[in-house]
Amino acid sequence: MTNYIDGAQLQKMLLAAAAVIELHKQPINDLNVFPVPDGDTGTNMSMTLNAAAAELRKLSGATVSKVADTAASAMLRGARGNSGVILSLLFRGFSKSLKGLEACDGKQLAQALTGGVEAAYKAVMKPTEGTILTVARISAADATEVARKDNSFESVLAVAVESASASLAQTQFQNPVLEKAGVVDAGGKGWLFVLETMLAVAQGKEIELPEVSATPSREQADFSDFDTENITFQYCTEFIINRENQNDPEKLRAFLFELGDSLVLVDDEEIIKVHVHTNHPGKAMEEALKYGSFATVKVENMKLQHSEKVMSEADKGDYVARAEKQYGMVAVCAGKGLANVFRELGADNIIEGGQTMNPSTQDILEKVNATPSEIVYVFPNNKNIIMAAEQAVPLTDKKLIVIPSKTIPQGISAMLMFDPEADAETNTETMTEAMANVTTMQITYAARDSDFDGHDIHAGEYLALYGSALFGSNVSAAMLLYGMAEKVAAEGKEFITIFYGENIDEEQAQAAAAIFSEVCPNAEVTVIDGGQPVYYYLISAE
């Protein structure tokens, strides 16, 4: 019986959990009931856990606290989709509860599981029963109850697994859609896999881990295209300070801001990490000594090394563009045509992603930091990306505002209402209101057979959504277009824009436009080559 675990054991548990989720991601994906091609819960959970695994493999001899913190930090930045974000939050609360511990017993495990649940529920605006949150909450509560009588790590975790399994089975009856389909919640199933794997490791069972790719990640960016005369500040100065007093790091930030550019300062209770380009690295380090002793120092002459690869890819993620204007915008979309539309509307940076391609919090953070403005608006344009974008808010020094656009047309309508003369709050309110005035229609394909919301759907059929609801399926896209056009006409919409995807040619797109022009003679119909994958048509009506 394992009464407690150390850092090495927790490390092994989490690496094994990442491997198991990777192996079972498709069965988890298949539990998604909605028939659109977005069954990616398992994929998102796997990618989130693998972000942690990549960092955990670098550790040696770490405590439970260090292992948990490393995993949580990596998952926070690597979180993809709502399921990945919630998973990262569960581990964020888990790590905070284990802070400072070298080992973990049963009571501490129960506290950590409870801390994870509290962090996740706090972040989710409208928690829904019958999801991963339910499974995590009930299993943590039962683990806490048994920990009052038995302080064995293995005993408490075994009860958590048993409870999670039972509560997962009940999710089928807590959600009408799941009940009709006869399946359990996909995210809850993923969480059960994580707990079961941790228990197997605690019991001494061997979990076969997949081979780690031998292909090295790119560690440096190329400066060869830069003219040395364009380098205003010559020395790339980086250091980590061990905090030894209560001096306010914001004063150091202000000092370094005046001393150079490309400043990034990140601090926690133990260290202060600094990256700055300056002509006076000595002054920067002398000021830094007021906060503690140096753990690491690196100074590089960028003019001498401008043609060499001297900036690590990790630092690139931390790079923050100097503000050259008040407002900037970042939009998520897939398709060259859609990207051009957002750029024409003022987007500084585009993140390639959307349905089935959810960018991570780190992906979003890098584009936000690369935007040369004080305030950055992010348009996720997909409901499964909103939480990942919101996770980036505390990770950047810029003021990041997430406009919760759930579709491409919503994002476009919001950006059209942006006023560079208005204040941030007014713009946020105006753009958010604009999204409510646009109706989004989408035609994709059915990813699986399903009896959903009264519709008998067969894999491969055209599948139409009107707003957030399923409109219908048919072997004929034209029949669906006619039906949606009639509904648009009944609602009196005046402006219709059709974005056609990569698998639709211009002739087909014009035929679709002709249907709307015929059924809605008083509406202005516009056709744009969006080039988007997955969706044959994205249609907005206002």
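Here the residue numbering is sequential within each chain, running from 1 through the sequence in written order. The model is predicted, so local features are restricted to residues of pLDDT at least 70 and side-chain atom pairs to those at 80 or more, both for listing and for counting; the totals for chains, interfaces and linings are taken over all residues. Side-chain measures were taken over the full set of non-hydrogen atoms in the model, leaving aside hydrogen atoms and water.

(A) Highlighting the packing of helix H4 (residues 64-78) against helix H5 (residues 81-97). For every element, the axis is a line fit to its C-alpha atoms; helices are fit only across the contacting stretch, and the angle between N-to-C directions ranges from 0 to 180 degrees. Helix numbering and strand numbering both begin at the N terminus, where a helix is a DSSP run of H or I of at least 4 residues and a strand a DSSP run of E of at least 2. Packing of H4 against H5 brings their axes to within 8 Å, and their N-to-C directions diverge by 150 degrees. Considering the angle they form, H4 stands roughly antiparallel to H5. Of the two possible hands of crossing, H4 and H5 adopt the one that is left-handed. Residues Ala 68, Asp 69, Ala 72, Ser 73, Met 75 and Leu 76 of H4 touch H5, and the partners they reach there are Leu 87, Ser 88, Phe 91, Arg 92, Phe 94 and Ser 95. Classes in brief: Ala, Val, Leu, Ile, Met, Phe, Trp, Tyr, Cys and Pro nonpolar; Asp, Glu, Lys and Arg charged; the others, Gly included, polar. Residues belonging to the contact of H4 with H5 are distributed by class as follows: 7 nonpolar, 3 polar and 2 charged. When an angle is under 35 degrees it counts as roughly parallel; over 145 it counts as roughly antiparallel; between 65 and 115 it counts as roughly perpendicular; any other value is oblique. Crossings are classed by handedness, with left-handed meaning an anticlockwise turn of the near helix from the far one by less than a right angle and right-handed meaning a clockwise turn. Throughout, a residue-residue contact means that at least one pair of heavy atoms, one from each residue, lies within 4.5 Å.

(B) Region of the structure containing unusual backbone geometry. One non-glycine residue, Asn 381, adopts positive backbone phi at about 60 degrees. Inspection of the secondary structure assignment puts Asn 381 in the loop between strand S11 (373-379) and helix H16 (386-391). Think of it in three bands: residues with accessible area under 20% of the maximum for their type are buried, residues over 50% are exposed, and the middle band is partly exposed, with areas taken using a 1.4 Å probe on protein chains only. Judged by its relative accessible area of 6%, Asn 381 falls in the buried class. Even without a glycine there, the phi angle at Val 534 is positive, about 70 degrees. Looking at the element boundaries, Val 534 is found in the loop between strand S19 (524-529) and strand S20 (537-541).

(C) Layout of the sheet that holds strand S13 (residues 439-445). Any two strands with at least two DSSP bridges between them are considered paired. An order of S17-S16-S13-S20-S18-S19 is seen for the 6 strands of this open sheet, with the pairing classed as mixed. Lying at the two open borders of the sheet, with one neighbouring strand each, are strand S17 (469-474) and S19. Direction aside, the axes of adjacent strands within the sheet are offset by 15 degrees on average. Of the pairings in the sheet, the one linking S13 to S20 comprises 5 bridges and is antiparallel in character. Looking across to S20, one finds that Thr 440 is bridged to Ser 540. Against the sheet, helix H14 (residues 336-344) makes contact with strand S18 (495-500), S19 and S20, and its axis sits at roughly 115 degrees relative to S19, the strand it touches most.

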